[in-house]
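Listed below, chain by chain, are the residues.
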Amino acid sequence: MASGQAVDLEGFTMTDSIMSKAATMEIPINSNGDTRVLGEDDGLEQDLQQVMVSGPNLNETSIVSGGYGGTAEGIIPTSSIKDLRTKCRGINVAPSQSAASRIANQSDDFPGIPGPSLHSGSSPTVAEEATRGVAVEKFDMMKKWSLNTYKCTKQLISERFGRGSRTVDLELEAQIEVLRDTKRKYETVLRLARALTNHFYSMVQTQHALGDTFADLSQKSPELRDEFGYNAETQKLLCKNGETLLGAINFFVSSINTLVNKTMEDTLMTIKMYENARLEFDAYRADLEELNLGPRDAVTMARIETAQQQYQIHKDKYERLRSDVIIKLKFLEENKVKVMHKQLLLFHNAISAYFAGNQQQLEQTLKQFNIKLKPPGADKPSWLEEQ
């Protein structure tokens, strides 16, 4: 093949093309036939490799072939390589710009979905900082909770096994124990009063049905009309008085339920908070005492100062809840006496009047305590409410 003759590469294989390029790249020859090192050897090698991979189609390109001892016609000029590198870079950048424009146009096709951000702004950084801040805050809360739980559990186990000391207020704890015992007994009264209400309600319903049956038989049995009539009137009167007594008993049950399950329970919840505060106070007190018995180096002194601050915080919390418990116990006792005096008097007068058959006294008892009975059928919803 003659030197300097332009040959079409359609007949060459890819291996021949690469070897030809490699030969030209490895030993560049100047116009005098001397060997030298190009200034851009590293960048040129990378650019040529990029051209072979992502450059234009070789089937549409022609090169000049030449040997090692050929003339300058067999050399690819540096300026041509730079132009080719610029074109290749333009080819590589263009698809990216087209892709970027397509990504940006996606937000126009879907107005409800924001397109991806092509520029790294400050919004992701602010979001990451906010997320990191929340995570750090949660971690600190978990750390404090774990440390507090560990100290309280350690103190509780020490108290159970008789190894640790605890703060004791004998007078207050005696009042708390009396309250708990009183609550258990009042719960028994409430349970029995509800059972009495249920049984008495069944009896009143039975009397009502029996009175209706007697009245019906009085109409259908002429020979026993008077006898059935007397019994029907008696059962109706007992049924009426029974409904009045049921109103008094229901009021008694409702008042006891409020006293036991609301007033006493609220005081017991405050007592529970007080006992937890007492346990925390003793746990941090024991921790401070243990640190005071150790060495007094710089690290230990810093820990002692921190423990002293925590001890003071939990001491103030303990004393505040202790004061709240004392106040609530005092008001609970006054309220209990007032409520039970009224309810026990109501229960006694209503039961006595009913079983004595004194209808007037029974009705007067309800008026005395401002108890209003619901008319028959008042508990049933109206036809408008049922719709």
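Starting afresh in each chain, residues are numbered from 1 along the sequence in its written order. It should be noted that, the model being predicted, local features are given only for residues of pLDDT at least 70 and side-chain atom pairs only at 80 or more, the latter also being counted only at that level, while totals for whole chains, interfaces and linings use all residues. The basis for every side-chain value is the complete set of heavy atoms in the structure, and neither hydrogens nor water enter the calculation.

Overview of the overall build of the protein
As a reminder of what qualifies: Strands here mean DSSP runs of E at least two residues long; helices mean DSSP runs of H or I at least four residues long; both are numbered from the N terminus. Burial classification: accessible surface area is computed with a 1.4 Å probe over protein chains only, and a residue below 20% of its type maximum counts as buried, one above 50% as exposed, and the rest as partly exposed. Contacts are residue-level and defined by heavy atoms, with any inter-residue pair within 4.5 Å sufficient. For the area figures, the Shrake-Rupley method with a 1.4 Å probe applies, and any residue is considered shielded solely by the protein chains shown.
In terms of helices and strands, the protein carries nine helices and two strands. Secondary structure elements of the protein, listed N to C terminal, follow the sequence β-α-α-β-α-α-α-α-α-α-α. The proportion of buried residues among the 387 residues of the protein is 25%. When contacts within the protein are restricted to residue pairs at least 6 apart in sequence, long-range pairs at least 24 apart make up 78% of them. Surface exposure of the protein reaches about 27200 Å², of which carbon and sulfur atoms provide 56%.

Focus: the environment of Thr244
Inspection of the secondary structure puts Thr244 in helix α6 (residues 225-292). On a C-alpha basis, the gap between Thr244 and Ile371 in space is 9.7 Å, while along the polypeptide they are 127 residues apart. Ignoring sequence-local partners within four residues, the contact set of Thr244 consists of Leu362, Leu366 and Leu373.

Description of unusual backbone geometry
Positioned with a positive phi, Asn370 is a non-glycine residue whose angle comes to about 55 degrees. Structurally, Asn370 is set in the loop between α8 (359-368) and α9 (383-386). Residue Asn370 is classed as exposed on the basis of its relative accessible area of 68%.

Concerning the packing of α6 against α8
We apply this condition: Inter-axis angles, ranging from 0 to 180 degrees, are taken between N-to-C directions of lines fitted to C-alpha atoms, where helices are fitted over the stretch in contact. Relative orientations are named as follows: roughly parallel for angles under 35 degrees, roughly antiparallel for angles over 145 degrees, roughly perpendicular for angles from 65 to 115 degrees, and oblique for any other angle. Take the far helix as your reference; a near helix turned counterclockwise from it by less than a right angle gives a left-handed crossing, and one turned clockwise gives a right-handed crossing. Side-chain classes follow a simple rule in which Ala, Val, Leu, Ile, Met, Phe, Trp, Tyr, Cys and Pro form the nonpolar group, Asp, Glu, Lys and Arg form the charged group, and the remainder, Gly included, forms the polar group.
It is at 10 Å that the axes of α6 and α8 come closest, and there the two elements cross at 25 degrees. In terms of orientation, α6 and α8 fall into the roughly parallel class. Note on packing geometry: the crossing formed by α6 with α8 is left-handed. Contacts between α6 and α8 involve Leu237, Lys240, Asn241, Thr244, Leu245 and Ala248 from the first element and Gln359, Leu362, Glu363 and Leu366 from the second. In terms of residue class, the contact of α6 with α8 is made up of five nonpolar, three polar and two charged.

Some points on helix α7 (residues 298-356)
Threshold: Residue count minus one, scaled by 1.5 Å, sets the expected span of a helix.
Here α7 is 59 residues long and its end C-alpha atoms lie 85 Å apart, about the 87 Å a rise of 1.5 Å per residue gives. Directly beyond the C-terminal end of α7, a positive phi value near 75 degrees is found at Gly357.

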